[in-house]
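# Structural overview for review
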Amino acid sequence: MKSSARHFPANAREALADERLQGVLDKFSDGFPVKRANAIARLDEFDELRDAARDIKDHVLANLDTYLKRFESRVHESGGHVHWCRDDQEARTTILSICRAANARTVTKSKSMIGEEIAINDYLADHDIEPVETDLGEYIIQLRQEPPSHIIAPAIHLSKEQVAETFVEKHTGRDPDRTLTDPRVMLDEARAELRQKFLNADVGLTGANMLVAETGSIAIVTNEGNADLTMGLPRVHIALASIEKIVPTLEDASTILRVLARSATGQEMSVYTTFATGPKRTDDLDGPEEFHVLLLDNGRSDLLGTEFQDILRCIRCGSCINHCPVYSTVGGHAYGWVYPGPMGSVLTPALVGIEDAHHLPNASTLCGKCETVCPMHIPLPRMLRSWRVRQVEKNLQSASSRYGLGLWSYLARHPRLYRVLSNCVARALNIMGGHRGKLSRLPLAGGWMSKRDLPAPQGGTFMAQWKNSRSRYL
Amino acid sequence: MKQPDQVPQSPSVALFVTCLVDVMRPSIGFAAVSLLERAGCQVFVPETQTCCGQPGYNAGDEKSARGIAEQVIEALQGYDYVVVPSGSCAGMIIKHYPDLFADDAAWRARAEDLSVRSWELTSFLVDVMKFRPVGITFDKVISYHDSCSGLRELGIKDQPRSLLAGVDGTKIEESDLAESCCGFGGLFCVKYPDISTAMVDRKIAEVSDGGADVILGGDLGCLMNIAGRLSRQGKSTNVWHVAEVVAGMADQSASICGSHDAQTSAVSAVGKRP
């Protein structure tokens, strides 16, 4: 997917002016966060589980090569194939060659953020293979030719009415005058449309929430069961996963599962949790004949040993996004690439480059809510700040910010000069404020003053008044 | 959250005024002095203090933040405690100064020594000095804004409410969005004013629905953001720093962005104290 992260301010303005989107976002903060809080309140050991989940991933990241190689061996032993892909281009060509070898004409897909990251749908379509998204949200945005706006709820930016309009327009062959208002009726319609596509598909493409090193299994959670039909019905199953998705054991996977759904949707478990190991065995009733796992790096190994390593603990629950006041104001598309919100603002600069994504780490108030709700204890605000440090090192910040902060820092380190100047500024602004006690216009303060008044200072500075009052009264 | 050690008799307290209070609203500084003195502290205002360095630090300029931090550490040495009428500046000193000197053992030790002695104002008054206001009245329905850094870096939530509970006439109407960011975020509100405005609007709408007369908080940056927006919208909700109310000085200074007509000098109020 091509990044438009560099246009974040314009994207955000567009989102703020979109009344329908704002209507949807108004309700957003009352959904997942409330359900998460309730789910966690019902589990006394949640904090211990978070610590354990963090420790599992830290251990994995310190021994990533060992566990990846163990996983590869187990996949081979169970009759599957592992493909190591350095970047998105390698991943796309690998998938295409597997599809070509299978003479595939259609590919069903269950939701995969890696699939978005490597823009596999457009690539397959360009090579005359039809990709069919089967997660309801992904299916809706595929019909609308839109990118996802959230990592676990890709169509969260749409209202029910917009979905109904899309179905009436795209589901040709049905009564165009039918009314679609009941979500259940809409869901049944989507299922009916998808059923034959599940059965016809030659290849099933899924993501993977985790890779289990000791068994060579992939773990996938969904609420719709679409991943099971995607991996179980076609002759070939390809699972896409980035390298940090590995966990050592099934026990570790179950620890992470206990924090995953609770943090994401407030469910104790997702409706479907599936472990898939290798292709169909002789006695199995169903399953694919071929089982492929694509292990994608795409810049992640460069983060090991850096101040950004902790983002590789992320399990894509979306909790930081669900609680982010900036995300809930502008929605996911404003961020301009696959991963929005706090985790995206840390990960996107690493994957597409800080030059392109320079706005994202700055478009945060560092309010810290994300870190408090992250089940993996990822220090997101600290890493957003680390990106800002990199920007300063690379001289990427704007000239006004560079000179403004440079001047401020100079003054702050020269207290006497600072005292005199700050007192002059305070007095001048106080006079300008007059009896209103506030200012509505000032040069160079457009950002603030365009929508807010500035309180006028009360008179001289505290330091000046303190000096006078103490010499007078003490 | 920090736990206080044995508190000395009449401890010496350095007030770190913060650059915003110094320039924009000295009455908060004088309210802090008054409260600290009533709580039994000897208050000093070290002269070489300016800013805590947070603007540079949050903009990624660690070098200049370190330079400023060294100066602050020098200025604030030798006092039993350092008290800051702002959660975010206190958080900078308490949580981030030690990180700034990760590679410099000598300065890191000094930063940690300062960190241990430093407190946000409401937390210091309640947790260390066990202070309760006496004879103060403020007959208003209050919505309290929990500023992000104070809340999440320092665990400040109950302390300002506990102080306000000791003020006669107060009623706190808790907003569902009390802990939601107001959209200030230092340079964030200047770089992304549209998003910041949408964030503060949501907060203001929620408070208005709740029926509060005033909004109080412990961080002037957030309060200027909220008050500035309320003023531009022509709303009459008043905004003060919690210290001004608990010190009984709210009626001596116009509310933030309020008219100065009713104001008498905050200095003279403090000056009248013996």
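Keep in mind that this is a model prediction, so the values were computed, not measured.

Each value, and the rule that gives it
Residues numbered from 1 in each chain as written. Chains lettered and ligands numbered in written order. Predicted model: local features only at pLDDT ≥ 70, side-chain atom pairs only at ≥ 80, totals over all residues. Heavy atoms only, no water. Buried < 20%, exposed > 50% of the residue type's maximum accessible area, 1.4 Å probe, protein only. Helix = DSSP H or I, 4+ residues; strand = E, 2+ residues; numbered from the N terminus. Contact = heavy atoms within 4.5 Å. Domains from an automatic or database assignment. Buried area = accessible area lost by both parts, 1.4 Å probe. Salt bridge = Lys/Arg side-chain N within 4 Å of Asp/Glu carboxyl O. Nonpolar A, V, L, I, M, F, W, Y, C, P; charged D, E, K, R; others polar. Pairing = 2+ DSSP bridges. Axes fitted to C-alpha atoms, helices over the stretch in contact; angles between N-to-C directions. Polar contact = N/O pair within 3.5 Å; in protein donor to acceptor, adjacent residues only side chain to side chain. 1 Å grid on protein atoms, 1.4 Å probe; cavity = no way out; pocket = protein on both sides within 12 Å on 5 of 7 lines; lining within 4 Å. Points joined across faces, edges and corners; volume = space filled by probe spheres on them.

### So, helix H7 (residues 121-128) of chain B
Residue and element names in this part refer to chain B. With eight of its eight residues buried, H7 lies for the most part within the structure. Within the span of H7, buried status applies to Leu121, Thr122, Ser123, Phe124, Leu125, Val126, Asp127 and Val128. Among the structural elements, strand E1 (12-15), helix H2 (26-38), strand E3 (81-84), strand E4 (118-120), helix H9 (158-165) and helix H13 (242-246) are those in contact with the buried residues of H7. One or two residues past the end of H7 sits Lys130, with phi positive at roughly 50°.

### Let's talk about unusual backbone geometry
All names here are of chain A. Positive phi, normally seen in glycine, also occurs at Leu366, with a value near 55°. Structurally, Leu366 is set in the loop between helix H16 (341-352) and helix H17 (369-373). One non-glycine residue, Asn395, adopts positive backbone phi at about 60°. Examined against the element boundaries, Asn395 turns out to sit in the loop between helix H18 (380-393) and helix H19 (399-412).

### Details of the domain arrangement of chain B
Residues and elements named next belong to chain B. Domain annotation of chain B identifies domain 1 (12-128) and domain 2 (141-271). Here the C-alpha centre of domain 2 lies 21 Å away from the C-alpha centre of domain 1. The junction of domain 1 with domain 2 conceals about 2300 Å² of combined surface from both sides, 72% of it contributed by carbon and sulfur atoms. Taken as a group, Arg25, Phe30 and Thr122 account for 25% of the area that domain 1 buries against domain 2, more than any other trio of residues on that side. Between Glu244 and Arg25 there is a salt bridge, with the nearest N and O atoms lying 2.8 Å from each other. Elements represented by at least two residues in the side of domain 1 that touches domain 2 include exactly helix H1 (19-24), H2, helix H5 (87-100) and H7. Here the side of domain 1 that touches domain 2 gets eight residues from one element, more than from any other, and that element is H5. Classifying every residue of the side of domain 1 that touches domain 2 gives 15 nonpolar, nine polar and five charged.

### A closer look at the sheet that holds strand E1 (residues 81-85) of chain A
Residues and elements named next belong to chain A. As summarised here, the arrangement of the six strands in space is E1-E10-E7-E4-E2-E3, forming an open sheet in which the pairing is parallel. This sheet does not close on itself; its edge strands, each paired only once, are E1 and strand E3 (130-133). Neighbour-to-neighbour, the strand axes of the sheet open up by a mean angle of 20°, direction not taken into account. Across four bridges, strand E2 (residues 106-109) lies against E3 in parallel orientation. Among the inter-strand pairings, Lys109 is bridged to a residue of E3, identified as Glu133. Sheet strands touched by helix H5 (residues 64-77): E1 and strand E10 (290-296). Its angle to E1, the strand with the most contacts, is close to 145°. This element, helix H11 (residues 183-200), spans E2 and E3 of the sheet and lies at about 130° to E3.

### Thoughts on the interface of chain B and chain A
Taken together, the contact between chain B and chain A spans 72 residues of the former and 65 residues of the latter. Summed over both sides, the interface of chain B with chain A buries roughly 5900 Å², with 60% coming from carbon and sulfur. In this structure, the connection of chain B to chain A is made through 25 residue pairs in polar contact (both at pLDDT 80 or more). Among the elements that line the side of chain B that touches chain A, the one with the most residues is helix H11 (residues 193-210) of chain B, at eight residues. Counted by class, the side of chain B that touches chain A contains 34 nonpolar, 25 polar and 13 charged residues.

### Some remarks on the sheet that holds strand E6 (residues 171-172) of chain B
Residue and element names in this part refer to chain B. Overall, parallel pairing links the four strands, which are arranged E6-E5-E7-E8 in an open sheet. Here the strands that pair on one side only, and so sit at the sheet edges, are E6 and strand E8 (238-241). Helix H12 (residues 220-232) contacts strand E5 (141-145), strand E7 (214-217) and E8 of the sheet and is inclined by roughly 170° relative to E8.

### Here we look at empty space enclosed by the protein
Using a probe with the size of a water molecule, rolled over the atoms, empty space left in the structure can be pinpointed. All names here are of chain A. A complete count under the given rule lists six cavities of 30 Å³ or more for this structure. Counted as a void, the largest cavity has a volume near 140 Å³. As for the largest cavity, its lining consists of 18 residues, of which Cys324, Pro342, Ser364, Cys370 and Leu384 are closest to the centre. Elements with a minimum of two residues in the lining of the largest cavity: H16, H17 and H18. Ranked by the residues each element gives to the lining of the largest cavity, the list is headed by H16, at three residues. The residue inventory of the lining of the largest cavity, partitioned by class, reads twelve nonpolar, five polar and one charged.

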